[in-house]
Amino acid sequence: MVAIMAKPVEQTDYDDLVELAKTQAAAMGRLYELYYDRIFRFCVHRLFNRATAEDVTSTVFLTVARMMRGFKGRTEQDFRAWVYTIAANQANAYIRKTSRRKRLMENVVAARRADDQDSGESEWSSLDWPTLYAAIGQLKPEHQTILTLRFFENMDYDEIGRVVEARPATVRVTLHRVLHRLGDELRSDLGGEE
Amino acid sequence: MSDNEHDFQKLVAGLKVNDEPDATHRERLRRQMLQTYEEAARGGISNLKFQISNLKRLAIAAVVLVAVVMGAWALLRSGGPMSFDQVQVATEKMPWMRAAVRGNQIAEGRLVHHWYNFAAKLTYTTMADGSVLGWDYGDRRESLVYSPRRNAIVVTELGPAWPFGTDSGYNLVDAFAAFAAKDGVETTTWTTEYEGKTVRGYEVEATVRGVSVEGRSAARLRIAVLADPATRRIVAANLEYLNQAGAMLGREEWAIDYPPSGPSGLYDLGVPAGARVIDLRQQPTGTPSDEPVVIPTPAPTGSRNLVPLEIKLPRPQFVGTPQDARTPYLEQPRGRPRPPFLVPPGTTNLAAGKPVSASDREPLYGSLDMVTDGDKEADDGSFIELGPKPQYVTIDLGERCEIYAILVWHYHKLPRVYFDVVVQVSNDKTFRTGVQTVFNNDRDNSLGLGAGTNLHYTETNEGKLIDSKGTQGRYVRLYSNGNTSDDLNHYIEVEVYGRPVRLIKDN
């Protein structure tokens with residue numbers, strides 16, 4: 001944690017907005033506009049389902065609204081880490097609490113395969129979304145979070161570390177292992193193809 | 001970026017997914033979010049400390065001045081600065097204190113209520129799921145837990161731990177005082193507004209033990225209370241649970257009032273009169289068969305010497321938290337370390353790294369290989385979670401082995417009791433033939449494997465040691481059927497101590 005705390009905090013044009021949002025609804029609304037799309041997309045990539053992603057996105061921003069006045073961070077970077085932490089926790093909580101997840105995954109994969117066949121866009125000789133979703137679904141929720149933050153949110157190791165409360169080096173090693181495991185899953189799904 | 005990262009990045013870039021936000025949802029949520037934001041400002045106590053923006057500073061200055069004058073007047077009227085000791089005395093003079101609690105870990109829109117009777121040292125809590133809890137810290141020294149799911153009240157003796165993770169203090173006021181009295185803990189005070197009144201704020205932050213929020217261990221607790229100078233009684237409180245790194249695990253807001261009377265028992269709080277009462281203090285305790293004994297048949301080992309089994313224990317995660325036990329025939333805590341368990345020389349953990357299969361092929365959390373990966377800590381990434389209802393895991397030892405002891409850690413972060421724990425050994429991977437049961441506490445035969453006579457037990461960092469008395473087999477299967485916290489099944493680690501039969505014969 002020392003390494004994370006010692007890292008110089010990036011200054012952005014929105015740092016003042018974060019401070020103002022602690023007391024002003026208009027500023028809070030502006031922050032919401034800045035982050036709604038990002039958090040929604042993050043939730044889609046974590047939960048594989050638009051309706052569920054909307055529900056979780058709602059929970060995230062209602063939580064932010066309730067707690068914003070007590071938020072201790074001062075910069076947009078602090079806020080970003082905070083809101084993604086809430087989103088990751090809410091997504092993981094949803095995954096753990098629902099026993100329907102496996103069925104949900106199967107439905108999503110089946111629906112997407114059907115869509116791809118109808119459109120004629122997908123060839124089974126190559127990787128497609130259903131296969132990737134199914135493989136990602138085999139990972140631990142925390143590992144799915146790291147994968148999503150890295151490849152769909154384009155965060156660096158420092159930023160991911162702030163969200164998942166881990167050292168950047170730990171994030172890097174974990175991601176390395178996750179990708180290896182994902183590779184194994186994908187090769188298995190594709191009948192052993194490299 | 002490493003090669004495999006780069007490859008994966010390219011792969012993702014080539015795929016399509018519909019992640020376009022819906023404008024209607026965005027706008028609807030925006031309205032809800034701003035409404036919640038305004039409500040938090042008006043009704044909540046999340047802004048216990050005055051937070052003044054630069055732009056509003058001048059506009060609010062006059063209000064602040066009035067508040068300060070009113071506060072000073074209140075202080076003068078009460079004869080000087082109000083200490084927390086005075087607040088404690090005035091608060092605990094009241095016959096009952098009632099708190100409506102909401103928090104980010106409590107179901108949306110639902111409240112938890114606490115009732116304190118200071119004179120009798122009684123505490124009642126009604127939970128959002130219909131559970132009702134009672135603690136008598138006075139004469140009876142007992143804990144009562146009503147579970148609506150089982151329609152039963154379980155009565156146990158009070159454990160050594162205190163609420164809020166303090167060393168003493170059964171209620172919020174005492175807990176605050178206990179924290180404030182600790183060396184190195186400072187009490188911060190300030191004056192602010194709450195529900196139109198000028199009130200005095202007090203805040204402490206201290207380390208806690210045995211407190212967890214949604215399964216995550218809390219290292220520190222920050223309590224802020226607001227007291228009305230006119231009555232000197234607490235009117236609101238704010239609790240924040242923090243982990244070791246200082247991140248907030250949970251937050252509670254308490255709105256407090258003082259009704260003239262309170263519940264006379266659990267039945268006044270909605271517990272049905274017909275609820276079954278299970279008094280665990282009257283249950284038999286301990287089973288000789290559970291105690292470690294000398295392995296009775298060491299002869300095949302070729303050696304008469306037995307050695308203590310070396311077991312590396314994980315870190316303990318709680319200290320004497322009151323048990324949430326809802327089942328009879330519960331083994332009482334030993335209260336001391338487990339005595340040494342003797343095994344033939346050459347005994348090792350045969351399960352280490354061995355393949356694991358399960359009735360639930362896809363754990364809700366974690367992966368099956370974690371059952372035998374050697375990680376026994378109760379950290380968030382160290383356990384697997386199998387689905388509800390009866391579930392089992394099977395460990396393939398790779399060959400027929402003579403098994404002396406099986407150690408299992410289901411989930412020792414909380415003092416849970418897992419139901420219908422059955423452990424079997426067989427050479428048949430389907431467990432249809434040659435099955436030997438080495439432990440069974442399924443007393444009502446819920447699993448259909450036969451009624452067992454072993455006692456239920458509370459999870460601790462020592463794990464459950466099962467004396468398997470040299471039973472031989474290749475496969476070890478462990479059943480469970482939910483636990484006292486939920487219907488799910490968990491495993492942190494299973495160890496199987498013994499020796500391959502071929503090595504024994506070679507000797």
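Given the structure is predicted, the values throughout are model-derived calculations rather than measurements. (Residues numbered from 1 in each chain as written. Chains lettered and ligands numbered in written order. Predicted model: local features only at pLDDT ≥ 70, side-chain atom pairs only at ≥ 80, totals over all residues.)

Draft legend 1. Molecular detail of the confidence of the model for chain B. All names here are of chain B. Residues with a pLDDT of 70 or more make up 80% of chain B, whose mean pLDDT is 79. This stretch, residues 282-304, has a pLDDT under 50; its non-local contacts, to residues over four places away or in other chains, come to 39 contacts. Counting contacts from residues 320-325, a segment whose pLDDT is below 50, to residues more than four positions away or on other chains yields 28 contacts. Complex prediction metrics read pTM 0.37 and ipTM 0.73. (pLDDT = per-residue confidence, 0-100. Contact = placed C-beta atoms within 7 Å.)

Draft legend 2. A look at the packing of helix 3 (residues 25-47) of chain A against helix 4 (residues 50-67) of chain A. Residues and elements named next belong to chain A. Look at helix 3 against helix 4: their axes get within 9 Å of each other, and the N-to-C directions meet at 140 degrees. Crossing hand, helix 3 versus helix 4: right-handed. The residues of helix 4 that touch helix 3, namely those facing M28, Y32, I39, F40, C43, V44 and L47, are R50, T52, A53, V56, T57, V60, F61 and A65. (Axes fitted to C-alpha atoms, helices over the stretch in contact; angles between N-to-C directions. Helix = DSSP H or I, 4+ residues; strand = E, 2+ residues; numbered from the N terminus. Left-handed = near helix turned anticlockwise from the far one by under 90°.)

Draft legend 3. The arrangement of unusual backbone geometry in detail. One non-glycine residue, A:E165, lies in positive phi territory at about 55 degrees. Examined against the element boundaries, A:E165 turns out to sit in the loop between helix 9 (157-164) and helix 10 (168-189). Backbone geometry at B:D420 places phi at a positive 50 degrees, although glycine is not the residue there. Tracing the chain through its elements places B:D420 in the loop between strand 20 (391-409) and strand 21 (422-426).

Draft legend 4. Spotlight on the confidence of the model for chain A. Residues and elements named next belong to chain A. Across chain A, the average pLDDT comes to 74, with 71% of residues at or above 70. For chain A, helix 1 (residues 2-6) is the element with the lowest average pLDDT, namely 28, and helix 3 is the one with the highest, namely 90. Note on residues 118-126: pLDDT under 50 across the span, and three contacts to partners over four residues away in sequence or across chains. Segment residues 190-194: pLDDT under 50, and four contacts once partners within four positions in sequence are set aside and those in other chains are kept.

Draft legend 5. Up close: the sheet that holds strand 11 (residues 220-228) of chain B. Residue and element names in this part refer to chain B. Sheet architecture is open: 12 strands sit in the order 7-8-11-12-13-1-2-3-4-5-6-14, paired in mixed fashion. Every other strand in the sheet has two partners, leaving strand 7 (188-194) and strand 14 (276-279) as the edge strands with one partner each. Between one strand axis and the next, the sheet turns through 20 degrees on average, direction left out of account. With six bridges joining them, strand 1 (residues 97-103) and strand 13 (residues 248-257) adopt antiparallel strand pairing. Residue pairing for strand 13: V101 is matched across the bridge by W254. (Pairing = 2+ DSSP bridges.)

Draft legend 6. Molecular detail of the environment of B:H456. Mapped onto the fold, B:H456 is located in the loop between strand 22 (436-440) and strand 23 (464-480). Counting along the chain gives 126 residues from B:H456 to B:L330, while the straight-line C-alpha distance between them is 4.7 Å.

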